[in-house]
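So the chains spell out like this:
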Amino acid sequence: MLTKMLTSFTLALLLLAVILPLSTVSSQRTDGSSFSTFGSQGEWRLLQASIGISAMHMQLLRNNKVVMFDRTDFGPSNISLQNGLCRMDPDDTVLKSDCTAHSVLYDIDANTFRPLMVLTDTWCSSGAVRADGTLVQTGGFNDGDHVVRILAPCDDDSCDWVEIPGYLAQRRWYATNQILPDGRVIIIGGRREFNYEFYPRSSDISPSSTNSLNFLRETSDENENNLYPFVHLLPDGNLFVYANTRAISLDHNLNRVVTEFPSMPDGDPRNYPSSGSSVLLPIDDNNGPVETEVMICGGAPRGSFSMAMRGSFSRALATCGRIKVTDENPSWAMETMPMARVMGDMVILPTGDVIIINGAGSGTAGWEHGRNPVTRPVIYHPQAGPGTGFWVMGPSTRPRMYHSTAVLLADGRILVGGSNPHVLYNFTDVNYPTDLSLEAYSPPYLAPEYQPIRPTIINVEGILGYKQSFSVTFTVSRFLKQGIVSVRMVAPSFATHSFGMNQRMVVMRTIGVLDVGPNTHTVNVVGPSTAEIAPPGYYMLFVVHSGVPSTAMWVRVQ
Ligand SMILES: *[C@@H]1O[C@H](CO)[C@@H](O)[C@H](O)[C@H]1NC(C)=O
Ligand SMILES: *[C@@H]1O[C@H](CO)[C@@H](O)[C@H](O)[C@H]1NC(C)=O
């Protein structure tokens, strides 16, 4: 089923080659069909030359606004706080009185932004959106390392950060968060923290309120290489945790390592500062028992961070590993990307493909440690055979190095921001000046020539509950009888340091598609099987017709 759906993208391309008048296309492909550059390589747009801060962390909220922040001890940013406010912070390492903002709320539809007030240092922190759509962000550096900060979405200009000082039992700097089936957030690791804890916490802080995780101690080498561990919630309720070269499945309730998976065969580290990226490939709910696969791409050879400190920048890793964690004897299948990449962001597209975007061709994460920006994204088709899955896309003009981010938007574009490899904001006399801009990358499926087969969601009827059927009605100008319709949900991720925390796609079980009017169709589907497959919360629901996605409608799974 999944194979059929994903090859449908290729099918759509072939059909379009027949349908479309040649005047709309400009380039010739080797298979004889023709597409515009947009239709084969996508398109970059500058949205804002400056949002005033560098988007080191990003989270899309259910009202199509994106909260972004960098760090408080960066010195003055390029955007003032509202109403002449200033932040007085005796603990700030750079500026005790700062009248500039270090967080903004970006409104996608209006393409506008406003400053937010963050009080304590959010540098290299983590986050997750809870079932009610509220962002819970945890930790950071200095005076912020034990703080929890809450941002509830609002449709006017009333919302801002609310901070809970001293909430966390341990310092959480470079930790990873994951939303759990019961609605709690687990916060795993952080620099020199070989343990995890939960939000909300169950009782008052005591040493016993954190659970030790020796795996994190064991995977720390002389360059660490295990920070921001890659964490994915698996359909059996356990957590896949990847650090350095090793992977386990963790029962976080019993504090027990359930499985140790084989190590990645090449022996090179994949986590910060050798930052690769990781995704849980789309979970298809059409045929139970659910197969689950993790894919990790890029990183830097062992020792690269020490070498970068000495001014020598080793070539990044060009390999990806895929592991089907639900297999009886899982093993890594290796793939080679068209180019080496460290600090790339892997983002799941509505089609179920994975885009790898941002980053560098050599060096590592860390101050001044990256070289050779990789400005071309690649799109990976998970269903393609080994060695044939990667497509190279068109380049951006802007290097997106250390501290850059990327998230999927409801309209199918990728929002890209950040890049600041310097201790402070630095716009002059440096290789890669601090970037305050925002760009959107539109993958080929958004090209105008696909407009005739692009579905538009009209409504979603029924309750989006577990195992409950509901229907999605959409229009499309040219319904392809041979095409395939599928409905998928994507959880919006918290993006920082090359990892999209909580990112997941669930392909709904399809019961059937009915023609209900001129160019109007209803697809009947079944909600996710379990909260382990899709934890309660807000998701972007996409209809994909012959490889071309609709704009998503936000839905709440409960
Ligand atoms: C700072 O913001 C102003 C507009 O408010 C803009 O003209 C300028 O280019 C920005 N600086 C940088 C370095 O982006
Ligand atoms: C930016 O970096 C350059 C080169 O290291 C340095 O000379 C300059 O002082 C830095 N500027 C700021 C504002 O930190």
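Report follows, based on the coordinates. (Residues numbered from 1 in each chain as written. Chains lettered and ligands numbered in written order. Predicted model: local features only at pLDDT ≥ 70, side-chain atom pairs only at ≥ 80, totals over all residues. Heavy atoms only, no water.)

Looking at the site of ligand 1
Thought 1: Around ligand 1 sit Ser-50, Asn-78, Phe-427 and Leu-436, and that is every residue in its neighbourhood.
Thought 2: One of the side-chain N or O atoms of Asn-78 is found 2.3 Å from an oxygen atom in ligand 1.
Thought 3: Considered on its own, ligand 1 offers 360 Å² of accessible surface; in the complex 39% of this is hidden by protein.
Thought 4: Partitioning the shell around ligand 1 into residue classes produces two nonpolar, two polar and no charged. (Near = heavy atom within 4 Å. Polar contact = N/O pair within 3.5 Å; in protein donor to acceptor, adjacent residues only side chain to side chain. Areas by Shrake-Rupley, 256 points an atom, 1.4 Å probe, with all protein chains shown as cover. Nonpolar A, V, L, I, M, F, W, Y, C, P; charged D, E, K, R; others polar.)

A few points about the pairing of strand E8 (residues 103-107)
Thought 1: Most of E8 is tucked away, with five of its five residues classed as buried.
Thought 2: Side-chain alternation along E8 places Ser-103, Leu-105 and Asp-107 on one buried face and Val-104 and Tyr-106 on a second face that is also buried.
Thought 3: Taken together, the five bridges between strand E5 (residues 65-69) and E8 define a ladder with antiparallel strand orientation. Each bridged residue has a counterpart across the sheet, and for Met-68 the counterpart in E8 is Val-104.
Thought 4: Sheet topology note: the E8/strand E9 (residues 112-116) ladder contains five bridges and is antiparallel. Across the sheet, Val-104 pairs through a bridge with Pro-115, a residue of E9. (Buried < 20%, exposed > 50% of the residue type's maximum accessible area, 1.4 Å probe, protein only. Helix = DSSP H or I, 4+ residues; strand = E, 2+ residues; numbered from the N terminus. Pairing = 2+ DSSP bridges.)

Here we look at the nonpolar core
Thought 1: Core analysis: the biggest nonpolar cluster contains 139 residues, and Met-68, Phe-240, Ile-414 and Leu-415 have the highest contact counts within it.
Thought 2: Structurally, this core is a two-domain feature, drawing no fewer than three residues from each of domain 1 (43-446) and domain 2 (448-557).
Thought 3: In this structure, Leu-415 is in contact with Leu-47, Met-58, Val-66, Met-68, Tyr-106, Thr-405, Ala-406, Val-407, Leu-409, Leu-438 and Glu-439, ignoring residues within four places of it in sequence.
Thought 4: If you look at the next biggest cluster of nonpolar residues, it comprises 15 residues, including Tyr-196, Leu-233, Ile-248 and Leu-250. (Core = buried A, V, L, I, M, F, W, Y, C linked by side-chain atoms within 4.5 Å. Domains from an automatic or database assignment. Contact = heavy atoms within 4.5 Å.)

Side note on the pairing of E5
A regular strand places its side chains on the two faces of the sheet in alternate fashion.
Thought 1: Burial analysis of E5 places five of its five residues in the buried class, the great majority of the element.
Thought 2: Alternating positions in E5 separate into two faces, Lys-65, Val-67 and Phe-69 on one and Val-66 and Met-68 on the other, with burial throughout.
Thought 3: Bridging between strand E4 (residues 57-60) and E5 involves four bridges; their strand directions are antiparallel. Each residue of the ladder has a partner; that of Leu-60, found in E5, is Val-66.
Thought 4: Hairpin connection from E4 to E5: four residues lie between these consecutive antiparallel strands, with Asn-64 at a positive phi of about 60°.

Comments concerning empty space enclosed by the protein
Thought 1: Applying the stated criterion across every chain, the model contains 12 cavities of 30 Å³ or more.
Thought 2: Reported here for the largest cavity is a volume of approximately 130 Å³.
Thought 3: The greatest single-element share of the lining of the largest cavity, amounting to three residues, is contributed by strand E44 (residues 537-545).
Thought 4: In terms of residue class, the lining of the largest cavity is built from eight nonpolar, two polar and two charged.
Thought 5: Mapped onto the domain boundaries, the lining of the largest cavity takes at least three residues apiece from domain 1 (43-446) and domain 2 (448-557). (1 Å grid on protein atoms, 1.4 Å probe; cavity = no way out; pocket = protein on both sides within 12 Å on 5 of 7 lines; lining within 4 Å. Points joined across faces, edges and corners; volume = space filled by probe spheres on them.)

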